[in-house]
Amino acid sequence: MMKPTGPAIDTECRWRPVPVRRITNVRGDEMDAFLSSPPPFEGPRFDQLLQQLSETSQTLEGPDAWPGPQFDALAETGVLRWSIPDQYGGVTLAAEQLMYGYERLAASCLTTTFVLTQRIGACQRIAGSENDDVRRELLPALATGEIFATVGISHLTTSRQHLKRPAVRAEYSTGTWTLSGTVPWVTGGNRADVIVTGGTCDDGQQVLIALPTDLPGVTCQTPPQLLALNASQTGAVQLEDVKVQEANLLAGPVEGVMNRGQGGGAGSVTTSALAVGLAGRAVRNLQEEAAVREDLVETVESFATETDQLRRDLYAVARGDAVGMFAGEIRQRANSLVLRSTQAYLAASKGAGFVAGHPAERSVREAMFFLVWSCPQPVLQAALREFACSLDD
């Protein structure tokens, strides 16, 4: 087994932070030093958007909620243009700039940012396709927010891979692909115009398709009640002999279709960026507590130092210039940090933080999401070893 990476744990399961530059405040503007070039969206408009998302995040707790107004604000600020090629009305971002945007947005509203990642994932897969017709039809409307797209690809990567029968079966006949089965996790499927999803052929090869949701046989099931992020409207989509024109094909048939083209896969730095954003919010809240409570200062400084180092490494990996460090290691460290920092915030908040609706209570629930969202087996095993306070010999 792989050993957990990042800050080491001693035999009594006490964390020792990595000795790096000490910082006294975790704020978005401090992250500029970690980037090789400033992001084009940085400025007063983006700061105002972050404030707006933070102020309205508590409205997204109900099971029937949806970040519609938040996405209107994203469109007005130009965020929906991210990762769409310039010729289709989008804006090209470096990987580290996109991660920076994700991190800052997640610190303000994790639900909205999670939905955004699924939409951008769909845009990236469409943009990375060799299908010119689909790109011309969908990308301009996605750039303006006229239509909404999402992805349903977990069954092609991490979810239900242990089953002998594929979750979604794909069959081809005379210019038409037929999809049958269940796409287990689709964010905003009941709000989407297009779902980027796929299936597995009898020979094991896979296809990726831009699936219009108004086709006969497409049924978005009622999303289950989740521990957190219910407003993401994440649930299953049932496909009953859905006929999709070959013109909608984005990739395949090939083995491991998700290993081709753009878009983050399981354990990618995209997921880590959101975890770091939530952790940064928890540390910021802890700093506010420590301002009036001297007993918290040492704990807060330890978390701030660890967060500082993780940010540096996250952006280095995103740039591709991190020596001997990979996305999986970053994900392990990000998962650990977000779980520990949010629980520390809850402990520091005492009884008030245990009341439903308190920021600490919500942060703890949101942090649990990273244990199940796009979590590869090595990352899961590292988390289990940390929970058990065990190390390999």
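All of these numbers come straight from a predicted model, not from anything done at the bench.

When you go through the protein chain residue by residue, the secondary structure sums to 10 helices and 10 strands. Expressed as a percentage of the 393 residues in the protein chain, the buried residues total 56%. Contacts in the protein chain between residues far apart in sequence, at least 24 positions, make up 75% of those at least 6 positions apart. Counting every atom, the protein chain has about 17,400 Å² of accessible surface; 51% of that belongs to carbon and sulfur.

The subject of this paragraph is the nonpolar core. In this structure, Leu74, Trp82, Leu105, Leu116 and Leu239 are the most contacted members of the largest nonpolar core, which totals 87 residues. Ranked by the residues each element gives to this core, the list is headed by helix α6 (residues 269–290), at 11 residues. Among the nonpolar cores identified, the runner-up in size contains 25 residues, and Ile126, Ala141, Leu142 and Val151 belong to it.

Every α-helix carries 3.6 residues per turn, so stepping three or four residues along brings you back to the same face. Between its first and last C-alpha atoms helix α1 (residues 44–56) spans 18 Å; for 13 residues at 1.5 Å apiece the expected length is 18 Å, and the two agree. Against the buried residues of α1 lie α2 (68–77), α3 (95–108) and α4 (110–127).

Next up on the list: the side chain of Thr182. Examined against the element boundaries, Thr182 turns out to sit in strand β5 (residues 176–187). Here the side chain of Thr182 touches Gln238 through a polar contact of 2.7 Å, side chain to side chain.

Before going further, it helps to spend a moment on the confidence of the model for the protein chain. In the predicted model, the protein chain carries a mean pLDDT of 87, and 87% of its residues have values of at least 70. Within the model, pLDDT remains below 50 along residues 1–29, and this stretch shows 65 contacts once partners closer than five positions in the same chain are excluded.

Moving on, we come to the packing of helix α7 (residues 297–319) against helix α8 (residues 327–353). When two helices pack together, their arrangement is given by the angle between their axes and by how far apart the axes lie. α8 packs onto α7 with a crossing angle of 150° between their chain directions and a minimal axis gap of 10 Å. For the element pair α7 / α8, the angle class is roughly antiparallel. Relative to α8, α7 is oriented so that their crossing is left-handed. Together, Phe303, Glu306, Thr307, Gln309, Leu310, Asp313, Leu314 and Val317 of α7 and Ala327, Ile330, Arg333, Ala334, Leu337, Arg340, Ser341 and Ala344 of α8 make up the contact between the two elements. Within the contact of α7 with α8, the residues separate by chemical class into 9 nonpolar, 3 polar and 4 charged.

Strand direction decides the pairing type here: strand β4 (residues 168–173) and β5, joined by 6 bridges, are antiparallel. Within the sheet, the bridge partner assigned to Val168 lies in β5 and is Gly181. In sequence, β4 turns back onto β5 through a hairpin of 2 residues, with Thr174 there showing a positive phi of about 45°.

This part takes up the environment of Val79. Checked against the element boundaries, Val79 lands in the loop between α2 and α3. With a relative accessible area of 1%, Val79 lands in the buried category. Val79 sits 64 residues away from Ala143 along the chain, and the two C-alpha atoms are 8.7 Å apart. Residues contacting Val79, with those up to four places away along its chain left out, are Phe46, Leu49, Leu74, Leu105 and Leu116.

Now for the pattern of salt bridges. Oppositely charged side chains can pair when the atoms bearing their charge come close. Considering all chains together, one arrives at 19 salt bridges under this definition. We note a salt bridge from Arg136 to Asp133, for which the minimum N-O separation is 2.6 Å. Highlighted residues: Arg136 and Asp133, both in helix α5 (residues 132–144), separated by 3 residues, approximately one helical turn. Of the charged contacts in the structure, one is a salt bridge between Asp202 and Arg169, with a shortest N-O distance of 2.9 Å. Of the two residues, Asp202 sits in the loop between β6 (194–200) and β7 (206–212) while Arg169 sits in strand β4, which places them 33 residues apart along the sequence. By relative accessible area, Asp202 is classed as exposed at 61%. According to the relative accessible area criterion, Arg169 is partly exposed, its value standing at 26%. What emerges from the salt-bridge pattern is a single network uniting Glu42, Asp47 and Arg104.

A few words now on the packing of aromatic side chains. Inspection of every chain in the model, using the stated rule, returns 14 aromatic pairs. Ring plane angle 55° and centroid distance 6.4 Å describe the contact between Tyr100 and Tyr315, whose orientation is recorded as tilted. With a gap of 215 residues between them, Tyr100 in helix α3 and Tyr315 in helix α7 connect regions that are remote in the sequence. Consider the rings of Tyr172 and Trp177, whose centres lie 5.1 Å apart with planes at 50°: the pair is tilted. You can call Trp177 buried: its relative accessible area is 5%. Three or more aromatic residues joined by ring pairs form one cluster here, namely Phe41, Phe46, Trp82, Tyr100 and Tyr315.

With 13 residues, α5 should reach 18 Å at 1.5 Å per residue; the first-to-last C-alpha distance of 19 Å fits that figure. Among the residues of α5, Val134, Arg135, Leu138, Leu139, Ala141, Leu142 and Ala143 are the ones counted as buried. By the N-cap criterion, in which a side-chain oxygen at the helix start approaches the backbone nitrogen of a residue two or three places on, α5 is capped by Asn131, the distance to Asp133 being 3.2 Å.

What follows deals with the environment of Arg293. Summarising the element assignment, Arg293 is placed in the loop between α6 and α7. Here the alpha-carbon distance between Arg293 and Ala348, two residues 55 residues apart in the chain, equals 9.6 Å. Sequence-distant contacts of Arg293, that is, excluding residues within four places in its chain, are made with Ala348 and Lys350.

So, how was this worked out
- Residues numbered from 1 in each chain as written.
- Predicted model: local features only at pLDDT ≥ 70, side-chain atom pairs only at ≥ 80, totals over all residues.
- Heavy atoms only, no water.
- Helix = DSSP H or I, 4+ residues; strand = E, 2+ residues; numbered from the N terminus.
- Buried < 20%, exposed > 50% of the residue type's maximum accessible area, 1.4 Å probe, protein only.
- Contact = heavy atoms within 4.5 Å.
- Areas by Shrake-Rupley, 256 points an atom, 1.4 Å probe, with all protein chains shown as cover.
- Core = buried A, V, L, I, M, F, W, Y, C linked by side-chain atoms within 4.5 Å.
- Expected span 1.5 Å × (residues − 1).
- Polar contact = N/O pair within 3.5 Å; in protein donor to acceptor, adjacent residues only side chain to side chain.
- pLDDT = per-residue confidence, 0-100.
- Axes fitted to C-alpha atoms, helices over the stretch in contact; angles between N-to-C directions.
- Parallel < 35°, antiparallel > 145°, perpendicular 65-115°, else oblique.
- Left-handed = near helix turned anticlockwise from the far one by under 90°.
- Nonpolar A, V, L, I, M, F, W, Y, C, P; charged D, E, K, R; others polar.
- Pairing = 2+ DSSP bridges.
- Salt bridge = Lys/Arg side-chain N within 4 Å of Asp/Glu carboxyl O.
- Phe/Tyr/Trp six-rings, centres within 6.5 Å; stacked < 30°, edge-to-face > 60°.

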